[in-house]
Amino acid sequence: MLDLFSGLDTHVAITLVLSLGFVLAFEFINGFHDTANAVATVIYTQSMKPRLAVFYSGVCNFLGVMSGGLAVAYAIVHLLPVDLLISVNTSRGMSMVFALLAAAILWNLGTWYLGLPASSSHTLIGAILGVGVANSLINHTSLSHGINWGKAIDVGASLLVSPFVGALLAGLIVILLRRYRPGSNVHKTPYQRQQVEGRKHPPFWTRFMLIVSAMGVSFAHGSNDGQKGVGLVMLVLIGIVPAKFVLNLDSTPYQLDRTRDAAQHLQQFYQRHEADLSKIIVKSNSASQYECHPQQTAATASQLVQLMGDSSDYHNLSASQRWDVRTKLLCLDDAAKKAADLPNLSSDEKQLLSNLRKDLTTTTEYAPTWVIVAVALALGIGTMIGWKRVVKTVGEGIGKKDMTYAQGVAAQATAAVSIGLASWFGFPVSTTHVLSSGVAGTMIADKAGLQMSTIRSIALAWLFTLPASMALAGGLYYLSAQWF
């Protein structure tokens, strides 16, 4: 990290600092916006004091980011169309990054101020989609090329399904507890525990489970949402200091060999299936350097192998050569993805394309350790601030009756497991949506009823987050692109 600013002009260094500041500000806001949901039940049930709860939640968020991997980070990045990803080192590419971050920050702050458990993930994804739509309008291209629709559908499905899964599983846990532990203190509310029994805290094992599940939600939140910040930081670094970050300069000779081999195997695949591929790939007449041409995959693969030569170290390539290698790797990955749409492909051929995509992106989808640490710190510190507004909404505003200990444990345990599994498989999900829907599911299972005014507010925030963030980001990007 120490040599990050070496050799940079003053205006470039200032732009870099501002850009990184924007991303870390988004993650900081994400911390106190989303993680309030993670500590809501443990604070509301008086299992932990608020300051202690948010402190440990911040630590767990930090650890979650550090151990979360990069699957979600690049799932978010690849929502952007390939032509934007290969032009991110231009002024228009940087306008894109600023627009989507500004939109996400504005909407997050607005919903936090109103105390609504809206989703930072939902907001960020909407902003990315808005930039893609605006890019299509600017370039007068079809919307089918402005957004990576395949990835958008996958991400949208995970955002849509996860709240329903959270509600169902959390409700089921409460039903099982009611059936097999009907007389347990776990079904009391904090008010009942204090007024009837004169005890402030939940029973020992209930308290233990509430604390463990809350920290689990925080860890899972860090492993999922923290990755989104890592992906955005990498977009900024690639855009402003491409010579140092377009490729993983610490890649091993083995990784470079695998990359070359993958390019050659993809070239052979396209040659074998040339007739069938010509039917599903639309030929482009554009000569733009910021556009991939899948019909020229064989030539692109040859150019990549020639560029890389016999080198076993990316340091041996010039800055412009590194950018060319990255561009061709992204285009070849896009070509492999399109090839997977061929009808009647055997399972072996589909597995081959999947393996080739992994090898083609192994040196482009990475993040330095200092990037992960910086995002982890921003998210962890943000967790310790601003939690009060959302805690009351989750604890008292969703159900008509106060939350019981059993409901808190069920909602948190479900959220922790669901979000953790989503991170493992590379699906971005919303901590806010999973947890608040889990609480709602427990209220329904306990026949406690729902406060429709709060549910309506949360639903409206969920409904309007996507179009609002799309409009904000798209508008900002369109205006800045005209300016530059």
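Refer to the structure printed above.
The following paragraphs examine the structure supplied in this document. No experiment lies behind these values; they were computed from the predicted model shown. (Residues numbered from 1 in each chain as written. Predicted model: local features only at pLDDT ≥ 70, side-chain atom pairs only at ≥ 80, totals over all residues. Heavy atoms only, no water.)

## Considerations on the overall build of the chain
Looking only at helices and strands, the chain features 21 helices and zero strands. Of the contacts formed within the chain by residues at least 6 apart in sequence, a portion of 85% connects residues at least 24 apart. Roughly 21,200 Å² of accessible area belongs to the chain as shown, and the carbon and sulfur atoms make up 62% of that amount. (Helix = DSSP H or I, 4+ residues; strand = E, 2+ residues; numbered from the N terminus. Contact = heavy atoms within 4.5 Å. Areas by Shrake-Rupley, 256 points an atom, 1.4 Å probe, with all protein chains shown as cover.)

## Topic: the nonpolar core
Formed by 87 residues in total, the largest nonpolar core has its most connected members in Leu100, Leu237, Leu266 and Tyr314. What Leu266 contacts, discounting residues up to four positions off in sequence, is Thr297, Leu332, Ala335, Ala336, Leu353, Leu356 and Leu360. Met403, Ala411, Ile419 and Val429 belong to the second largest nonpolar core, which has 15 residues in total. (Core = buried A, V, L, I, M, F, W, Y, C linked by side-chain atoms within 4.5 Å. Buried < 20%, exposed > 50% of the residue type's maximum accessible area, 1.4 Å probe, protein only.)

## Focus: the packing of helix H2 (residues 50-67) against helix H17 (residues 369-383)
Helix-helix packing is characterised by the crossing angle of the two axes and by the distance between the axes. Closest axis-to-axis distance for the H2/H17 pair is 8 Å, and the angle between their directions is 160°. By the angle between their axes, H2 is roughly antiparallel relative to H17. When you trace H2 past H17, the crossing you get is right-handed. Taking contact as the criterion, the partners of Val54, Ser57, Gly58, Asn61, Phe62, Val65 and Met66 in H2 are, on H17, Ile372, Val373, Val375, Ala376, Leu377, Leu379, Gly380 and Thr383. A class-by-class count of the residues in the contact of H2 with H17 yields 10 nonpolar, five polar and no charged. (Axes fitted to C-alpha atoms, helices over the stretch in contact; angles between N-to-C directions. Parallel < 35°, antiparallel > 145°, perpendicular 65-115°, else oblique. Left-handed = near helix turned anticlockwise from the far one by under 90°. Nonpolar A, V, L, I, M, F, W, Y, C, P; charged D, E, K, R; others polar.)

## Some details on the pattern of salt bridges
Applying the stated criterion across every chain, the model contains six salt bridges. A salt bridge links Asp257 to Arg260, with the nearest nitrogen and oxygen atoms 2.6 Å apart. Highlighted residues: Asp257 and Arg260, both in helix H12 (residues 253-272), separated by three residues, approximately one helical turn. With a relative accessible area of 39%, Asp257 lands in the partly exposed category. Given the relative accessible area of 11%, Arg260 is considered buried. For the salt bridge of Arg357 with Asp333, the shortest nitrogen-to-oxygen distance reads 2.7 Å. Placement of Arg357 in helix H16 (residues 347-361) and of Asp333 in helix H15 (residues 319-339) is noted, with a sequence separation of 24 residues between them. Salt bridges linked by common partners bring Asp334, Lys337 and Lys338 together as one network. (Salt bridge = Lys/Arg side-chain N within 4 Å of Asp/Glu carboxyl O.)

## Observations concerning the environment of Trp107
Relative to the assigned elements, Trp107 resides in helix H5 (residues 91-113). Taking C-alpha positions, Trp107 is 8.7 Å from Leu472, a pair spaced 365 residues apart along the chain. Dropping the residues within four chain positions of it, Trp107 is found in contact with Thr123, Phe464, Thr465 and Ala468.

## Digging into helix H19 (residues 405-425)
For H19, built from 21 residues, the straight-helix expectation of 30 Å at 1.5 Å per residue is met to within 8% by its first-to-last C-alpha distance of 30 Å. In terms of burial, H19 is a largely internal element, 15 of the 21 residues being buried. Within two residues after H19, Gly426 carries a phi angle of roughly 80°, on the positive side. (Expected span 1.5 Å × (residues − 1).)

## Here we look at the packing of aromatic side chains
In this structure the tally under the stated criterion is four aromatic pairs. The interplanar angle of 80° and the centroid separation of 5.1 Å between the aromatic rings of Phe204 and Trp205 together place this pair among those described as edge-to-face. Three or more aromatic residues joined by ring pairs form one cluster here, namely Phe204, Trp205 and Phe208. (Phe/Tyr/Trp six-rings, centres within 6.5 Å; stacked < 30°, edge-to-face > 60°.)

## With respect to unusual backbone geometry
Residue Asn344 is not a glycine yet carries a positive backbone phi of 65°. By the element assignment, Asn344 lies in the loop between H15 and H16.

## Quick look at the packing of H2 against helix H10 (residues 204-240)
It is at 7 Å that the axes of H2 and H10 come closest, and there the two elements cross at 40°. Judged by the inter-axis angle, H2 sits oblique to H10. For the pair H2 and H10, the sense of crossing is right-handed. Packed against H2, whose contacting residues are Ala53, Tyr56, Ser57, Cys60, Asn61, Leu63, Gly64, Val65 and Ser67, the element H10 presents Met215, Ser218, Phe219, His221, Gly222, Ser223 and Gly226 at the interface. Along the lines of polarity and charge, the residues of the contact of H2 with H10 split into seven nonpolar, nine polar and no charged.

## Describing helix H20 (residues 431-445)
In this model H20 runs 21 Å from its N-terminal to its C-terminal C-alpha over 15 residues, within 8% of the 21 Å that 1.5 Å per residue would give. In terms of residue burial, H20 counts as a mostly covered element, since 13 of its 15 residues are buried. After H20 finishes, the residue Lys447 shows a positive phi value of roughly 55°.

## Overview of the environment of Thr383
Within the secondary structure, Thr383 is located in helix H17. By relative accessible area, Thr383 is classed as buried at 3%.

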